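Take a look at the letters that make up each chain.
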Amino acid sequence: MQHQKILILDFGSQVTQLIARRVREAHVYCEVHPCDVTDDWVREYAADGQLKGVILSGSHASVYEESTDAAPAAVFELGVPVLGICYGMQTMAQQLGGKVESGHQREFGYAEVRAHGHTALLKDIADFHTPEGHGMLKVWMSHGDKVTELPPGFKLMASTPSCPIAGMADEARGFYALQFHPEVTHTVQGRAMLERFVLDICATRPDWVMRDHVAEAVQKIREQVGDEEVILGLSGGVDSSVAAALIHRAIGDQLTCVFVDHGLLRLNEGDMVMEMFEGKLNAKVIRVDASELFLGQLAGVTDPEKKRKIIGGLFVDVFKAEAAKLKAAGNGVKGATFLAQGTIYPDVIESGGAKSKKAVTIKSHHNVGGLPEQLGLKLLEPLRDLFKDEVRELGVALGLPHDMVYRHPFPGPGLGVRILGEVKPEYAKLLQRADAIFIEELRSTIDPISGKSWYDLTSQAFTVFLPVKSVGVMGDGRTYDYVVALRAVCTSDFMTADWAELPYSLLKRVSGRIINEVRGINRVTYDVSSKPPATIEWE
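Residues numbered from 1 in each chain as written. Predicted model: local features only at pLDDT ≥ 70, side-chain atom pairs only at ≥ 80, totals over all residues. Heavy atoms only, no water.

S.K.: Account for the overall build of the protein, with residues named and values stated.
M.R.: Helices and strands together make up the secondary structure of the protein, namely 15 helices and 19 strands. When its C-alpha atoms are laid out on the principal axes, the protein stretches across 75 × 65 × 45 Å. Sequence-distant contacts, at least 24 apart, represent 75% of the contacts inside the protein between residues at least 6 apart. In the protein, 57 side chains carry a positive charge and 70 a negative one; their mean positions are 3 Å apart. (Helix = DSSP H or I, 4+ residues; strand = E, 2+ residues; numbered from the N terminus. Contact = heavy atoms within 4.5 Å. Lys, Arg positive; Asp, Glu negative; His and termini not counted. Charge placed at Lys NZ, Arg CZ, Asp CG, Glu CD.)

S.K.: Help me get a handle on the UniProt feature "binding site: ATP" (unreviewed entry) in the protein, residues and values and all.
M.R.: Following the UniProt record, one finds the feature "binding site: ATP" (unreviewed entry) at Ser 235, Gly 236, Gly 237, Val 238, Asp 239, Ser 240 and Ser 241. Looking at where Gly 237 falls in the secondary structure, it is placed in the loop between strand S11 (229-233) and helix H6 (238-251). When you line up the elements, Ser 240 lands in helix H6. Beyond its immediate chain neighbours, meaning those up to four positions away, Ser 240 contacts Leu 232, Gly 233, Leu 234, Ser 235 and Gly 342. (UniProt positions renumbered as here; feature names shortened; annotations may be inferred.)

S.K.: Can you lay out the environment of Val 28 for me, pointing to particular residues and giving the numbers?
M.R.: Summarising the element assignment, Val 28 is placed in the loop between helix H1 (16-25) and strand S2 (29-34). Expressed as a C-alpha distance, the spacing of Val 28 and Trp 208, which sit 180 residues apart in the sequence, is 5.2 Å. Apart from residues no more than four positions distant in its own chain, Val 28 is found in contact with Ile 6, Val 23, Val 198, Leu 199, Thr 204, Arg 205, Pro 206 and Trp 208.

S.K.: Break down the nonpolar core for me, citing the residues and quoting the values.
M.R.: Counting 91 residues, the largest nonpolar core has Leu 502 and Ile 514 as its most contacted members. Per-domain counts for this core show at least three residues from each of domain 2 (210-406) and domain 3 (425-526). If you look at the next biggest cluster of nonpolar residues, it comprises 36 residues, including Ala 26, Leu 122, Ala 158 and Phe 197. (Core = buried A, V, L, I, M, F, W, Y, C linked by side-chain atoms within 4.5 Å. Buried < 20%, exposed > 50% of the residue type's maximum accessible area, 1.4 Å probe, protein only. Domains from an automatic or database assignment.)

S.K.: Give a description of helix H5 (residues 210-225) that names residues and reports values.
M.R.: If you check H5, its first and last C-alpha atoms are 22 Å apart, about what 16 residues at 1.5 Å a residue would give, namely 22 Å. What H5 keeps buried is the set Met 210, His 213, Val 214, Ala 217, Val 218, Ile 221 and Val 225. For H5, the angular spread of the buried residues around the axis is 140°, confining them to a single face. Set apart from the buried face of H5 by more than 90 degrees, the exposed residues are Ala 215, Lys 220 and Glu 223. Tucked into the core, H5 has its buried residues touching S11, H6, strand S14 (336-340), strand S15 (378-380) and helix H11 (388-397). Following H5 by one or two positions, Gly 226 adopts a phi angle in the positive range, close to 65°. (Expected span 1.5 Å × (residues − 1). Arc of directions from axis to C-beta.)

S.K.: I'd like to hear about the domain arrangement of the protein, residue by residue, with values.
M.R.: The assigned domain composition of the protein is domain 1 (5-200), domain 2 (210-406) and domain 3 (425-526). With centres defined by C-alpha atoms, the gap from domain 1 to domain 3 works out at 42 Å. Contact with domain 1, which involves 6 residues of that partner, is made by 4 residues of domain 3. The junction of domain 1 with domain 3 conceals about 470 Å² of combined surface from both sides, 59% of it contributed by carbon and sulfur atoms. When the buried surface of domain 1 facing domain 3 is broken down by residue, Leu 18, Arg 21 and Thr 185 rank first, second and third, together holding 60% of it. (Buried area = accessible area lost by both parts, 1.4 Å probe.)

S.K.: Outline the pairing of strand S13 (residues 284-289), supporting the account with residue identities and numerical values.
M.R.: Walk down a regular strand and you will see the side chains alternate between the two sheet faces. Taken together, the 6 bridges between strand S12 (residues 255-261) and S13 define a ladder with parallel strand orientation. For Val 260, the partnering residue across the bridge sits in S13 and is Val 288. Following the backbone out of S12, through helix H7 (residues 269-280) and into the adjacent parallel S13, one traces a crossover that is right-handed. (Pairing = 2+ DSSP bridges. Right-handed = clockwise from strand over helix to strand, strands pointing away.)

Now the structure itself:
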């Protein structure tokens, strides 16, 4: 099926992928490409007639800097609607004859914007009205520069006291621009604005649906792989599990899953993974106990980036060794030529690995960025352009169990990045048991208002091991044992997140069980940091 599409040009914002996610939520297909593509590329991209609109993302840069990127001029010559967001608005203004200057008063965070002009984009969209009848929007701003002079043909669409031009429109050409960010959840009507743009203004067909995507993805995998063999690193997490099920649907026994037990998995996770994929899906799974290898290489390492790189490098080594074993076994397997990974969009953007390569790197991900040349395997990433919620929907469409598909995310390096500082075997064992208690209590505690478990009400929950000791008292004796931190967040996109307001009774029960049942831990804390400024994981 050929989808009508929206082109998103990425200028390097950390939240560019949120624009794509919002567009996909409207069941409209979109792609993110670097802002510095050529005019010829843009024209060729639109040549099939399926391009219905263009969105220009934000950026950390200033449009008046010499090295600053501008949108390809062809974007404004295609005859399709264009929406500029934050920096995207500023470059649109400057390129089309307006003026942008450094603002005397920067705006970061919550703002209330007045809508003007009854434009097609904002008409009848408001959070509240002033006594004078002006429509007001609750939005999220993040900018220092601002448009100070409208380009010819544009009219004012929105304003704040400190940003007189917070939105502009040339409706004759279908050009709209917003200084605030409609893609983030903090902009209350942001989803309505983006849906208005892609569905009404661009008139794009809403045919991007995961249950229909299965057939497309299967066909794409078959075309890419042909009759070759694929080896996949199965972690048991949502992403690798859905990738395995999808690839198995496409090529069956051409797929061999390698499940690497690096000693940093959740409690009893290895047995559960094998039962599901080997027992129920009848997939070929090789279980490799590499815990001594991983823990040995991590000994003495405290830097989180070094830990991630060591774990990622060892994964490559293990895969390479397993691929060689398969080929040498002479059991009908020709040898893997592809390595499949469950890479998804948030992995890519947080690694600074978006196609534009302009985003600032927050942390590296071991499954992003391709493989070392010496591995000799091609890369198969069937989920790379999907967001977490799309991956879950795809998993359900593939018939995976709901509890598996809606399991909380688990980092590729496992507990290696949930043990702060040096990773020691005894730390891992303590953390596994403490984390299992936390998750068990979350699953069994039902919120009386929603009727859901607190596990389902949180987006990600886990325990962090702190390599510090504190004094405690147990019975008549003094203890000097370790501390763990509980972390639970609520989020719709994993780009921003709020800490979950768990009931005190639940926290009390979890703390009591951990301290009483896990010898070696005598203090439990709860993390009340949101993202930003903190990240969801501690490392």
